[in-house]
Amino acid sequence: MFTVSCEELVKENFYCPHCGGWVYCPEMNLKYKTEDGKIIEKIATGCLQQDEKGNYLECPGCKTRFYLTD
């Protein structure tokens, strides 16, 4: 099972280490403002998939799954 950090995904482009295909970029992040005015960025929910092991992103090229940590 392959994993990727949520913190890493919201900050940097993520390419599949197996095939080199593009998987996710920070421009896709969901951004919202908290009550105190702080802007929070999260992985866009429409990009995530889920199975019994948890939330993951899938490489569109080779279909490798990367499960989210933290």
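Relevant structure appears above.
The rules behind the values
- Residues numbered from 1 in each chain as written.
- Predicted model: local features only at pLDDT ≥ 70, side-chain atom pairs only at ≥ 80, totals over all residues.
- Heavy atoms only, no water.
- Helix = DSSP H or I, 4+ residues; strand = E, 2+ residues; numbered from the N terminus.
- Buried < 20%, exposed > 50% of the residue type's maximum accessible area, 1.4 Å probe, protein only.
- Contact = heavy atoms within 4.5 Å.
- Lys, Arg positive; Asp, Glu negative; His and termini not counted.
- Charge placed at Lys NZ, Arg CZ, Asp CG, Glu CD.
- Disulfide = S-S within 2.5 Å.
- Salt bridge = Lys/Arg side-chain N within 4 Å of Asp/Glu carboxyl O.

A.B. asks: Looking at this structure, how should I read the overall build of the protein?
C.D. replies: A tally of helices and strands in the protein yields one helix and eight strands. In the protein, the succession of helices and strands from N to C terminus is β-α-β-β-β-β-β-β-β. Taken along its principal axes, the extent of the C-alpha atoms in the protein is 40 × 25 × 20 Å. Counting every position in the protein, which comprises 70 residues, the buried fraction comes to 31%. Partitioning the contacts of the protein with sequence separation of at least 6, the portion at a separation of at least 24 is 37%. The positive charge centre, built from 8 side chains, and the negative charge centre, built from 11, are 3 Å apart in the protein.

A.B. asks: Would you mind showing me how to read the state of the cysteines here?
C.D. replies: Cysteine pairs can be linked by a disulfide, which is a covalent bond between their two sulfur atoms. A complete count under the given rule lists zero disulfides for this structure. There is no disulfide at Cys 19, and the cysteine sulfur nearest it, in Cys 59, is 3.5 Å away. According to the relative accessible area criterion, Cys 19 is partly exposed, its value standing at 42%. Cys 62 carries a free sulfur, and the closest cysteine sulfur to it, the one in Cys 16, is 3.6 Å from it. Take Cys 62: its relative accessible area is 32%, and that puts it in the partly exposed class.

A.B. asks: Even after reading the chapter, I still don't get the pattern of salt bridges, so can you show me in this structure?
C.D. replies: Any two side chains of opposite charge can pair, on the condition that their charged atoms come close. With the rule as written, the count across this model stands at three salt bridges. The salt bridge involving Lys 11 is made with Glu 7; its shortest N-O contact spans 3.5 Å. Taken as a pair, Lys 11 and Glu 7 lie in helix H1 (residues 6-11) at a separation of four residues, close to a single helical turn. Put simply, Asp 51 and Arg 65 hold a salt bridge, and the shortest N to O gap is 2.7 Å. Taken together, the positions of Asp 51 in strand S6 (residues 49-51) and Arg 65 in strand S8 (residues 65-69) put the pair 14 residues apart, joining distant regions of the chain. The class of Asp 51 is buried, set by a relative accessible area of 17%. Sharing partners across several salt bridges, the network here consists of Asp 51, Glu 58 and Arg 65.

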